[in-house]
Amino acid sequence: MSSDNGNDAGVPDERRRAWGERYRPRYSGVATFMRCRLHEEPEAWSGIDVGIVGVPFDGGVTNRPGARHGPRHLREQSTLMGMVNHQTGVRPYDLAKVADLGDAPIEGVYRLDEAIADVERHYDRIAAAGVVPLTAGGDHSITLPIMRALGKAHGRPLGLIHFDAHCDTGPELFGHKHHHGGPFKVAVEDGALDPKRTIQIGIRGPAEPLWGFSYESGMTVIHIEELYAMGIPAVVEKAREVAGDGPTYVSFDVDGLDPVYAPGTGTPEVGGFTTYEAQQMLRGLRGLDVIAGDVVEVSPPFDPSGTTGLTGAQMMFEILCLLAEAVGRKKDA
Ligand SMILES: [Mn+2]
């Protein structure tokens, strides 16, 4: 990987080759996602395989706001991430050229429909450049416009592996369909998401009566008690079976985790899975055609310790490994 940022004059060649753009102390420089180079201008996107994108928007929350601050917080915490996945041995930066694409520009700060359209336009540009996006939210309403853009780009509805305490297939709320409790219902109605290739993992809590659409449309729902009854390997097997061979999106809402691990989120639900279990589930998805992913609902105002940001950054790294492997397979093919 080239090093052209001017910071590495005098660095021995072998170290430069080994560390690339990361050859400097972790605490120095501008905090970008995973310490990748920042390329905000679409003109600079050609040749980038995986682009990490911030979507600083939380206009769709039903209760406690704050996830709009997620991308900056995740950038800072992601500077702790390394270059290798110790369990799988995957080295994402050896398989794919990865960059920080900056944040999606949102003009419709005070207009929900317009903000959603802004996000979709941005991902249209990303898809047109042939870049595979990994997104840091933002609340979960942002996943809808991303899926719309990618559904168009792939020419078919996407599969979905969705980690969350909530199905997010709820009806309109206060007369509006664009809220963070409903993106996957709208995505199915828009033809961007295939409910038969959708699995929702970790579901729990008193919002259950809102999730009728998941069952009616044929989504596979794994409640948290089912997750523990089945065991993690069986959950992974089920997710692989449901997603199949087609293009699949991985969406990770940090409130799927127990609030012990991710207290910094708008709608926490106690009784969730652990960070270790999340890692085992994500690592179990290797080999699927994962074409995009996101980590959403990290809300820094509720995260004074930074734990949720660190956890969210680690889940982004796990998804990055899946994306880089998928990119690498397509390059080899
Ligand atoms: Mn959610």
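Residues numbered from 1 in each chain as written. Predicted model: local features only at pLDDT ≥ 70, side-chain atom pairs only at ≥ 80, totals over all residues. Heavy atoms only, no water.

Asker: Would you mind going over the overall build of the chain in detail, with residue names and values included?
Answerer: The helix and strand inventory of the chain stands at 11 helices and eight strands. The C-alpha atoms of the chain give a radius of gyration of 19 Å, which matches the 20 Å a tight globule of 333 residues would have. Expressed along its principal axes, the backbone C-alpha trace of the chain runs to roughly 60 × 45 × 40 Å. For the chain, buried positions account for 59% of its 333 residues. Sequence separation of at least 24 residues holds for 77% of the intrachain contacts in the chain that already meet a minimum separation of 6. Entry remark: accessible area of the chain is about 13,300 Å², with carbon and sulfur atoms responsible for 53%. Treating the 32 positive side-chain charges of the chain as one cloud and the 46 negative ones as another, the clouds have centres 6 Å apart. (Helix = DSSP H or I, 4+ residues; strand = E, 2+ residues; numbered from the N terminus. Rg over C-alpha atoms; globule rule 2.2 N^0.38 Å. Buried < 20%, exposed > 50% of the residue type's maximum accessible area, 1.4 Å probe, protein only. Contact = heavy atoms within 4.5 Å. Areas by Shrake-Rupley, 256 points an atom, 1.4 Å probe, with all protein chains shown as cover. Lys, Arg positive; Asp, Glu negative; His and termini not counted. Charge placed at Lys NZ, Arg CZ, Asp CG, Glu CD.)

Asker: A description of the sheet that holds strand E4 (residues 158–163) should follow, citing residues and the corresponding values.
Answerer: Pairing within the open sheet is parallel, and its eight strands lie in the order E2-E1-E3-E8-E7-E4-E5-E6. Where the open sheet ends on each side, the last strands, each with one partner, are strand E2 (98–103) and strand E6 (220–223). Across this sheet, the average inter-strand angle for adjacent strands is 15°, counted without regard to direction. Sheet topology note: the strand E7 (residues 248–253)/strand E8 (residues 290–296) ladder contains six bridges and is parallel. Following the sheet pairing, Asp253 is matched in E8 by Val296. Running over the sheet, helix H4 (residues 112–128) touches strand E1 (50–55), E2 and strand E3 (132–137) and is turned about 170° from E1. (Pairing = 2+ DSSP bridges. Axes fitted to C-alpha atoms, helices over the stretch in contact; angles between N-to-C directions.)

Asker: Which residues make up helix H11 (residues 307–332), and what values go with them?
Answerer: For H11, built from 26 residues, the straight-helix expectation of 38 Å at 1.5 Å per residue is met to within 8% by its first-to-last C-alpha distance of 38 Å. A large share of H11 lies buried, amounting to 19 of its 26 residues. (Expected span 1.5 Å × (residues − 1).)

Asker: I'd like a description of the packing of helix H2 (residues 70–78) against H11, backed by residues and values.
Answerer: The geometry of H2 relative to H11 is characterised by a closest axis approach of 8 Å and an angle of 75° between their N-to-C directions. Considering the angle they form, H2 stands roughly perpendicular to H11. Counting all contacts with H2, which are made through His73, Leu74, Gln77 and Ser78, the residues of H11 involved are Gly309, Leu310, Gly312, Ala313 and Met316. Partitioned by chemical class, the residues of the contact of H2 with H11 number four nonpolar, five polar and no charged. (Parallel < 35°, antiparallel > 145°, perpendicular 65-115°, else oblique. Nonpolar A, V, L, I, M, F, W, Y, C, P; charged D, E, K, R; others polar.)

Asker: Account for the coordination of the manganese ion, naming residues and giving values.
Answerer: At 2.0 to 2.2 Å from the manganese ion lie its protein donor atoms, namely His140 (ND1), Asp164 (OD), Asp168 (OD) and Asp253 (OD). Sequence spacing of the donors to the manganese ion: H-x23-D-x3-D-x84-D. On the criterion of sequence distance, the pair formed by His140 in the loop between E3 and helix H5 (143–154) and Asp168 in the loop between E4 and helix H6 (183–189) is long-range, its members being 28 residues apart. Assigned by exposure class, His140 and Asp168 land together as buried. (Donors = N, O, S within 2.8 Å, 3.2 Å for Na, K, Ca; no water.)

Asker: Which residues make up the packing of H4 against H5, and what are the values?
Answerer: Running from amino to carboxyl end, H4 crosses H5 at an angle of 35°, the nearest separation of the two axes being 8 Å. The element H4 and its partner H5 pack so that their crossing is right-handed. Residues Ile116, Val119, Glu120, Tyr123, Asp124 and Ala127 of H4 lie in contact with H5, whose contacting residues are Pro145, Ile146, Arg148, Ala149, Leu150, Lys152 and Ala153. Classifying every residue of the contact of H4 with H5 by side-chain character gives nine nonpolar, no polar and four charged. (Left-handed = near helix turned anticlockwise from the far one by under 90°.)

Asker: Account for the pairing of E1, with residues named and values stated.
Answerer: Extensive coverage of E1 is indicated by the burial of six of its six residues. Inspection of the sheet shows E1 paired to E2 by four bridges, in the parallel sense. From the neighbouring strand, Ile52 faces E2, where its bridge partner is Asp100. Taken together, the six bridges between E1 and E3 define a ladder with parallel strand orientation. Within the sheet, the bridge partner assigned to Val50 lies in E3 and is Val132.

In short, the description is geometric, and any link to function would need to be established separately.
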